[in-house]
Amino acid sequence: MTSLTMIARVADGLPLAASIQEDEQSGRDLQQYQSQAKQLCRKLNAQSPDRCTLEAGDMNFHYIIAQGVCYLFLCEASFPKKMAFAYLEDLHSEFYDQYGRRVPTVTRPYSFIEFDTYIQKTKKSYIDSRARRNLGSINTELQDVQRIMVANIEEVLQRGEALSALDTKASNLSTMSKKYRSDAKYLNTRSTYAKVAAVAVFFVTLIIYVRFWWL
């Protein structure tokens, strides 16, 4: 399975650690994906969504941001999204324990390259088919992955649009959708009241008519 894992500082996009696994049979150009990963890390900022999936053809970039660090994982699109984010959460927990206090002070790229050993071991446990079945219960503890923002990597990089802008657009669409549902509910309620009032007026009129005409 072709995969790329990169850990970078959000403030300036400085890569802190990375791990690459190539599959010669796939014929994929990992250098291109690696370049896209670096560009993406440089585009992140404090307003970027803390979880996101970026589609790249038959591959997906998944990332999370925590404590000022981005944990990014490139894998085949068929790889379960819940498993990908569980893997990233695992990396975050261990990396922060080991290097969290040193992250703001380092200046050299890949200052924590020795973390590759843990990345390789953890990734193997998530990719292995039996391990994936055993980890199924852990995934249920993650937030609903359907709510994670999805975008296209080429559009983000070529258009030069910050992910924070995309997140803002997604939030605006969500707000508009909620307002539409609220307005629709209000109109439905008014319509119901109008129908009830019309029926009530009819019966009151009928009672008055019967009382004064026949009595």
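Preceding this paragraph is the structure being described.
Rules and cut-offs
Residues numbered from 1 in each chain as written. Predicted model: local features only at pLDDT ≥ 70, side-chain atom pairs only at ≥ 80, totals over all residues. Heavy atoms only, no water. Helix = DSSP H or I, 4+ residues; strand = E, 2+ residues; numbered from the N terminus. Buried < 20%, exposed > 50% of the residue type's maximum accessible area, 1.4 Å probe, protein only. Polar contact = N/O pair within 3.5 Å; in protein donor to acceptor, adjacent residues only side chain to side chain. Core = buried A, V, L, I, M, F, W, Y, C linked by side-chain atoms within 4.5 Å. Contact = heavy atoms within 4.5 Å. Expected span 1.5 Å × (residues − 1). Phe/Tyr/Trp six-rings, centres within 6.5 Å; stacked < 30°, edge-to-face > 60°. Lys, Arg positive; Asp, Glu negative; His and termini not counted. Salt bridge = Lys/Arg side-chain N within 4 Å of Asp/Glu carboxyl O. Axes fitted to C-alpha atoms, helices over the stretch in contact; angles between N-to-C directions. Parallel < 35°, antiparallel > 145°, perpendicular 65-115°, else oblique. Left-handed = near helix turned anticlockwise from the far one by under 90°. Nonpolar A, V, L, I, M, F, W, Y, C, P; charged D, E, K, R; others polar. Pairing = 2+ DSSP bridges.

Trainee: Sorry, what's going on with the side chain of Thr-53 here?
Mentor: Along the chain, the position of Thr-53 falls in strand β3 (residues 51–56). Classification of Thr-53 by relative accessible area gives buried; the value is 1%. Separated by 2.9 Å, the side chains of Thr-53 and His-62 make a polar contact.

Trainee: Please clarify how the nonpolar core should be interpreted in this entry.
Mentor: Most often, soluble globular proteins have nonpolar side chains that are buried together. Membership of the largest hydrophobic core comes to 26 residues, with the highest contact counts inside it found for Ile-7, Leu-16, Tyr-71, Phe-95 and Phe-115. For this core, the leading source of residues is helix α2 (residues 81–99), giving nine residues. What Phe-115 contacts, discounting residues up to four positions off in sequence, is Ile-7, Ala-17, Leu-91, Glu-94, Phe-95, Gln-98 and Tyr-99.

Trainee: Explanation requested: α2 in the structure shown.
Mentor: Residues separated by three or four positions in an α-helix point in the same direction, a consequence of the helix having 3.6 residues per turn. Taking 1.5 Å per residue, 19 residues should reach 27 Å; α2 reaches 26 Å between its end C-alpha atoms and fits that length. Taken as a whole, α2 has its buried residues at Met-83, Ala-84, Phe-85, Ala-86, Tyr-87, Leu-88, Leu-91, His-92, Phe-95 and Tyr-99.

Trainee: Explain unusual backbone geometry here, please?
Mentor: With glycine set apart, most residues show a phi of negative sign, and most peptide bonds adopt trans. Here the phi dihedral of Gln-67 falls at roughly 50 degrees; this positive angle occurs in a residue that is not glycine. Among the structural elements, Gln-67 can be located in the loop between β4 (59–66) and β5 (69–76).

Trainee: Got a minute to help me understand the packing of aromatic side chains in this structure?
Mentor: Here the distance between the centres and the angle between the planes together describe a pair of aromatic rings. Tallied over the entire structure, the rule returns eleven aromatic pairs. With a centroid separation of 5.1 Å and an interplanar angle of 75 degrees, the aromatic rings of Phe-95 and Phe-115 are classed as edge-to-face. With Phe-95 in helix α2 and Phe-115 in the loop between α2 and α3 (116–127), this pair connects stretches of sequence that are 20 residues apart. The two residues Phe-95 and Phe-115 agree in class, both being buried. Taken together, Tyr-71, Phe-95, Tyr-99, Phe-112, Phe-115 and Tyr-118 form an aromatic cluster joined through their ring pairs.

Trainee: Explain the environment of Asp-116 here, please?
Mentor: Mapped onto the secondary structure, Asp-116 falls in helix α3. Relative accessible area serves as the criterion here: at 24%, Asp-116 is assigned to the partly exposed category. In this structure, the C-alpha to C-alpha distance between Asp-116 and Ile-20, residues 96 residues apart in sequence, is 9.1 Å.

Trainee: What's the story with the side chain of Lys-123 in this structure? I'm lost.
Mentor: By the element assignment, Lys-123 lies in helix α3. It turns out Lys-123 is buried and unbridged, and the closest side chain with the opposite charge, Asp-116, is 6.4 Å from it. Every residue in contact with Lys-123, bar those within four places of it in the chain, is listed here: Ser-3, Thr-5, Ser-19, Gln-21, Phe-73 and Tyr-87.

Trainee: Where do I start with the packing of α2 against α3 in this structure?
Mentor: It is at 10 Å that the axes of α2 and α3 come closest, and there the two elements cross at 150 degrees. Accordingly, the angle class assigned to the pair α2 and α3 is roughly antiparallel. The way α2 lies across α3 gives a crossing that is right-handed. Residues Met-83, Ala-86, Tyr-87, Asp-90, Leu-91 and Glu-94 of α2 form the contact with α3, whose participating residues are Tyr-118, Ile-119, Thr-122, Lys-123 and Tyr-126. In terms of residue class, the contact of α2 with α3 is built from seven nonpolar, one polar and three charged.

Trainee: Please explain the pairing of β4 as it appears in this structure.
Mentor: A regular strand places its side chains on the two faces of the sheet in alternate fashion. Most of β4 sits out of view: eight of its eight residues are buried. With burial as the criterion, each face of β4 is covered, one bearing Met-59, Phe-61, Tyr-63 and Ile-65 and the other bearing Asn-60, His-62, Ile-64 and Ala-66. The pairing of β3 with β4 spans six bridges and is classified as antiparallel. In the strand pairing of β4, Glu-55 is matched with Asn-60. Taken together, β3 and the strand that follows it, β4, pair antiparallel across an intervening segment of two residues, in which Gly-57 is found at a positive phi of about 70 degrees. One ladder, built from eight bridges, connects β4 with β5; its direction is antiparallel. Looking at the pairing, His-62 lines up with Phe-73 of β5. Between β4 and β5, which pair antiparallel one after the other, the connecting turn spans two residues, and Gln-67 there sits at a positive phi close to 50 degrees.

Don't take any of this as a statement about function, it's just geometry.
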